[in-house]
Every structure is written in C-alpha cells, then in structure tokens.
Amino acid sequence: MSNRQPLVAANWKMNGSRESVAALLDGFRQGLPADGVDVLVCAPSIYIPLAADELAGSNIGLGAQTVSEYANGAYTGEISADMLKDYGCRYVIIGHSERRHIFAETNETVANKFCHAREQGLEVILCLGERLEEREAGMTEQVLSEQLEAVIARAGIAAFDGAVIAYEPVWAIGTGLTATPEQAQAAHSFIRLQVARHDDRIADELRILYGGSVKADNAAGLFAMADVDGGLIGGASLKVDDFLAICRAAG
C-alpha cells in the first residue's frame, strides 16, 4: 500500500481581484497546517504573476486552470505551458467539466493538452466525471473509462507517473449536491483499477482527488475513504476559513 500524501487544490475558476487574491493567499499562508498535506492554488491566468509573488517562499504550490494544446506560436488568446512555467506554475488542471461541457473540449483535446503539459514538465490534474443523466443510466464507469483511456492511448501510461486525477461528478459541481463518501470511493476505486490494468505501481502511487461541492462539513467523511487522496475545491476555496478547514481534514 502506497503512502500517498493528501493534496488539496483550490480552483478559483473565473473569480477574484487583485485585492481578493492577496487577501486569500495571505490567509492561506498564515493558517495552513505545517505538514501532512500538499496544498495548491489554481488561479485565473491573469492573476498567476500576482499569486506567484504572494506565494514566494511558502510551501503552497501554484497552478493554472487550463493550458493550450499547442506550443508557442500563432494562437491568439492561448497560453502555453512554457508561459505558465515562466511564472512559477508547477501544476495545471486539464479536462475540467466546465472546459468539456461549456467550451466543448473533447476527449481528444484533453489528451492533446495532457501530452503537451507533461512534455513541458508540468504536473497535471486530469479531471474525469459523469453527468447526472449518465449516472442515472448506469454509465458512470463507461464514461470514466472512455475519458481516461483516451488520455492513456495518446500519452502512454508512463505519463501518469507523478500526475494527479480528479474525479468530479458533473452533477455535484456548484449544485450543492455531493457524492456520498461511498459513491466517491466506488468511482475512485474504479479509476485506480483502470490505471492498474496498465501499471500497478503507478496506480498505487496515483493521487485521486474528489471534486464536487466539497465543504468544511463533508470533507472529513470523503477524505476518510481509502482511495480519496484529497480534493479539488471550487467555491469553498474562495473563503479562507472554509478552505483551511478542508486542508486540516485532509491532513
């Protein structure tokens, strides 16, 4: 059994201002537990330089919420992995449900982004998850398998060495609904077994986060599950006390 260090990642989505970013990060720095949990903040791209300055000298990691599938060049409006690294980003979220369903990113696009980010040395949080109608139709495992295998087929299983997966049931994001700890564990266990079909060691060491309306009052129950290695936190990461409580639950 691997000793996977829990990871709690804040996904601020399209929220924030210079003032709020500084205040949140100051609160995080001062209140985080000293050890036992890795903490990461994924800021809007325009605030990454500010966040990098605010986090200098701290043990909080910095990440982006998406990245281009292309390297530098004639891609107006896009941001490459090299640019993110230039400002101190170590992580990037890829395949978040909002990118898939609002911005029409396909499994192929997600796989291309994953490959580009990994080739450039970024640590990836790959998001997988099913919609409510897919869960109700009994298709959860099929959807998770299709999303995961598209990336493995393109990138190879070795690219998952050091990567992170986040299971985020689409029906539980921003809705106030949360998967029960048992539902989360079932999905996480399935994902780990899928990875183990390709490589047992990588599967054992792979951190799988839960994302979907994690709050201070439900975090401990979710994180107690054997295959839940932390959380990808949306709304609660915009409140210092809530986010710190979730980090303490993970640690």
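Conventions used here
- Residues numbered from 1 in each chain as written.
- Predicted model: local features only at pLDDT ≥ 70, side-chain atom pairs only at ≥ 80, totals over all residues.
- Heavy atoms only, no water.
- Buried < 20%, exposed > 50% of the residue type's maximum accessible area, 1.4 Å probe, protein only.
- Helix = DSSP H or I, 4+ residues; strand = E, 2+ residues; numbered from the N terminus.
- Pairing = 2+ DSSP bridges.
- Right-handed = clockwise from strand over helix to strand, strands pointing away.
- Core = buried A, V, L, I, M, F, W, Y, C linked by side-chain atoms within 4.5 Å.
- Contact = heavy atoms within 4.5 Å.
- Salt bridge = Lys/Arg side-chain N within 4 Å of Asp/Glu carboxyl O.
- Phe/Tyr/Trp six-rings, centres within 6.5 Å; stacked < 30°, edge-to-face > 60°.
- Lys NZ or Arg CZ within 6 Å of the ring centre and 35° of its normal.
- Axes fitted to C-alpha atoms, helices over the stretch in contact; angles between N-to-C directions.
- Parallel < 35°, antiparallel > 145°, perpendicular 65-115°, else oblique.
- Left-handed = near helix turned anticlockwise from the far one by under 90°.
- Nonpolar A, V, L, I, M, F, W, Y, C, P; charged D, E, K, R; others polar.

Peer 1: What is the right way to look at the pairing of strand β2 (residues 38-42) in this model?
Peer 2: If a strand is regular, its side chains alternate between the two faces of the sheet. With 4 of 5 residues buried, β2 lies mostly within the body of the structure. Two strands pair when backbone bridges link them, and strand β1 (residues 7-11) and β2 are joined in this way by 5 bridges, in the parallel orientation. Note that in β2 the partner of N11 across the bridge is C42. As paired strands, β2 and strand β3 (residues 61-64) are joined by 3 bridges and run parallel to one another. Residue pairing for β3: C42 is matched across the bridge by G63. Following the backbone out of β2, through helix α2 (residues 48-55) and into the adjacent parallel β3, one traces a crossover that is right-handed.

Peer 1: Explanation requested: the nonpolar core in the structure shown.
Peer 2: Of all hydrophobic cores here, the largest spans 68 residues; its most connected members are W12, V92, L126, L148, F160, I165 and Y210. Among the nonpolar cores identified, the runner-up in size contains 12 residues, and L7, C42, Y91 and I125 belong to it.

Peer 1: Any chance you could explain the environment of R4 here in plain terms?
Peer 2: Following the sequence through the fold, R4 ends up in the segment before β1. Among the residues examined, R4 registers a relative accessible area of 13% and is labelled buried. Taking C-alpha positions, R4 is 9.6 Å from D227, a pair spaced 223 residues apart along the chain. Look past the residues within four positions of R4 in its chain and what remains in contact with it is R192, D204, E205, L206, R207, A226, D227 and D229.

Peer 1: Help me understand the pattern of salt bridges, please; the structure alone is not making it clear to me.
Peer 2: Pairs can form between side chains of opposite charge whenever their charged atoms are close. The tally for this structure, following the rule as stated, stands at 16 salt bridges. One salt bridge in this structure joins K13 and E98, with 2.8 Å as the shortest N-O distance. Of this pair, K13 sits in the loop between β1 and α1 (18-31) while E98 is found in helix α4 (residues 97-101), placing the two residues 85 residues apart along the sequence. Residue K13 is classed as partly exposed on the basis of its relative accessible area, which comes to 21%.

Peer 1: What exactly am I supposed to notice about the packing of aromatic side chains here?
Peer 2: What describes a pair of aromatic rings is the distance from one ring centre to the other and the angle between the planes of the rings. One pass over the structure, following the stated rule, counts 5 aromatic pairs. Ring centres of Y70 and Y75 lie 4.2 Å apart, and the angle between their planes is 0°; this geometry places the pair in the stacked category. Given a relative accessible area of 36%, Y70 falls into the partly exposed group. Taken together, the aromatic side chains of W12, F28 and F243 make up a single cluster linked through ring pairs. Over the ring of F103 we find R99; its NZ or CZ atom is 4.3 Å from the centre of that ring.

Peer 1: Help me out: how do you make sense of the packing of helix α5 (residues 107-119) against helix α7 (residues 140-155) in this one?
Peer 2: The axes of two packed helices give the description: the angle between them and the distance between them. In contact at an axis separation of 9 Å, α5 and α7 are set at 45° when each is read in the N-to-C sense. Compared by their axis directions, α5 and α7 come out oblique. When the axes of α5 and α7 are compared, the crossing they make is right-handed. Counted together, N107, V110, A111, N112, F114 and C115 of α5 and E146, Q147, A150, V151, R154 and A155 of α7 form the full contact between these two elements. Along the lines of polarity and charge, the residues of the contact of α5 with α7 split into 7 nonpolar, 3 polar and 2 charged.

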